[in-house]
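# Structural description and commentary
Now for the letters of each chain:
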Amino acid sequence: MKVIFRAIGGFFVRIWRWIKETAWVQPLLIVSLIFGIILLIQPISGAIADLGDKVTHTKKYFKNNKVSLYGNDAYDLIYDDDTRFAKNDKYFLVFVGSDCPNCESAYPGFETLLKDKTFKSDYKIKTIYTDEEKNVDIEKEGLLFDLFYSNAGQVSDFREAIYNAAYNSDYFDVVYTDDYMNKLKDIYNGEDLWTPLILLMDKETYEEDNSTFGVKEAMIGLSGWDGTTNKYEMAKTLDRMWDSNWD
């Protein structure tokens, strides 16, 4: 064993002696080292940038399009006739939670729909975080209750509009299970707001029948058109929802 180590050590000693004795090799090695570092900088910096983007922009399409429960923003978007379609004639209104596994699973579908050039419509999205109250230091009460659970004003009518849009959609036949039906009933009765709750808001639908609040399509959760959670298939489901094309 000592003989082997001695042979290996002697090999590197001879290389080092050759480098020291051959002066022209030293600047060549320095130049090669510099070029090697330069070539490595770009992929390393690119990888760091990609990682930073993932960290800082997690669910950015949800967060960047949030309509706050505070200041009546979310309430007015739903219940004020002048606000509902003031900026967009058509958009997805998505109720999500910051600690919602099904929202996490659905996000790649929205991200793919909005980023991938395969999908060509001018999609718009607005989100309402149902647990926003938990993330604010200033104590506020009743924001989500007033928005969704109360039976005062038009709130129960809005829940009925969601139920009717989901139940009468051709998509209902695709996703129907007893569990799905029970969740839809929970929404109708104001017993639970299952997230993600995805609504397609459409001005033409509202103008035809204002009792719809403009809710043209509605679904609880998001699965791919093939029943999987593949992001492209989920995006395809959203694209079909956008066009109300369930064939």
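Here we summarise the structure given alongside this text. (Residues numbered from 1 in each chain as written. Predicted model: local features only at pLDDT ≥ 70, side-chain atom pairs only at ≥ 80, totals over all residues. Heavy atoms only, no water.)

### Thoughts on the packing of aromatic side chains
Cut-off, in case you're wondering: Ring pairs shown here join Phe, Tyr and Trp side chains whose ring centres sit within 6.5 Å, with only the six-membered ring taken for Trp; geometry is labelled stacked below 30 degrees between planes, edge-to-face above 60, and tilted in between. A positively charged side chain is recorded as over a ring if its NZ (Lys) or CZ (Arg) lies within 6 Å of the ring centre. The angle to the ring normal must also be within 35 degrees.
Overall, the coordinates contain 21 aromatic pairs when judged by the stated rule. Here Arg84 stacks its cationic end above the ring of Tyr206, 4.9 Å away from the centre of that ring.

### Details of helix α8 (residues 155-168)
Heads up, the condition is: Strands are runs of DSSP state E lasting at least 2 residues, helices are runs of H or I lasting at least 4, and numbering of each runs from the N terminus. Each residue after the first adds 1.5 Å to the expected span of a helix. Relative accessibility thresholds used throughout: buried, under 20% of the residue-type maximum; exposed, over 50%; partly exposed, between the two (1.4 Å probe, protein chains only).
If you check α8, its first and last C-alpha atoms are 20 Å apart, about what 14 residues at 1.5 Å a residue would give, namely 20 Å. Among all positions of α8, only Val155, Phe158, Arg159, Ala161, Ile162, Tyr163, Ala165 and Ala166 are buried.

### Here we look at a negative patch on the surface
Just so we agree on the cut-off: Any residue with relative accessible area above 30% and no salt bridge may belong to a patch, with like charges joined within 9 Å and the nonpolar Val, Leu, Ile, Met, Phe, Trp and Tyr side chains within 5 Å. Surface accessibility in these figures is a Shrake-Rupley result with a 1.4 Å probe; residues are shielded only by whichever protein chains are displayed. Any carboxyl oxygen of Asp or Glu within 4 Å of a side-chain nitrogen of Lys or Arg constitutes a salt bridge here. Asp and Glu count as negative and Lys and Arg as positive, but His and the ends of the chain are not part of the count. Taken as the charge location is NZ of Lys, CZ of Arg, CG of Asp or CD of Glu.
On the surface, Glu204, Glu207, Glu208 and Asp209 cluster together to form a negatively charged patch. Residue position: Glu208 is located in helix α11 (residues 203-208). Taking relative accessible area as the criterion, Glu208 reaches 69% and is therefore assigned exposed.

### Some words on the sheet that holds strand β4 (residues 215-220)
Cut-off, in case you're wondering: Only strands joined by at least two bridges in the DSSP assignment are considered to pair. Fitted lines through C-alpha atoms give the axes, limited to the stretch in contact for helices. The angle between two N-to-C directions lies from 0 to 180 degrees. In what follows, residue pairs with any heavy atoms lying within 4.5 Å of each other are defined as contacts.
Read across the sheet, four strands follow the order β2-β1-β3-β4 without closing on themselves; strand pairing throughout is mixed. For this open sheet the edge positions go to β2 (125-129) and β4, each flanked by a neighbour on one side alone. With strand direction ignored, the average angle separating the axes of adjacent strands in the sheet is 20°. Here strand β1 (residues 90-96) pairs with strand β3 (residues 197-202) via six bridges, running antiparallel. Bridge assignment links Phe92 to a residue of β3, and that residue is Leu200. Across the sheet, helix α6 (residues 101-115) touches β1, β2 and β3, and the angle it forms with β1 is around 160°.

### Concerning the pattern of salt bridges
Here the idea is simple: oppositely charged side chains can pair when their charged atoms come close. This model, assessed by the stated rule, comprises seven salt bridges. The shortest N-O distance in the salt bridge between Arg84 and Asp81 comes to 3.3 Å. Here Asp81 and Arg84 lie together in helix α5 (residues 81-84), a separation of three residues that amounts to about one turn. Residue classification places Arg84 among the buried residues on the basis of a relative accessible area of 1%. Taking the shortest distance from any N to any O, the salt bridge between Lys236 and Glu233 comes out at 3.4 Å. Linking Lys236 with Glu233, this pair stays in helix α12 (residues 231-243), spanning three residues, or about one helical turn. Among the residues examined, Lys236 registers a relative accessible area of 32% and is labelled partly exposed. For Glu233, a relative accessible area of 16% gives the class buried.

### Points about the environment of Leu77
Relative to the assigned elements, Leu77 resides in helix α4 (residues 73-79). A residue is classified by how much of its surface remains accessible, and Leu77, at 7% relative accessible area, is buried. Excluding anything up to four places from it in sequence, Leu77 contacts Val67, Thr83, Arg84, Tyr91, Leu93 and Lys126.

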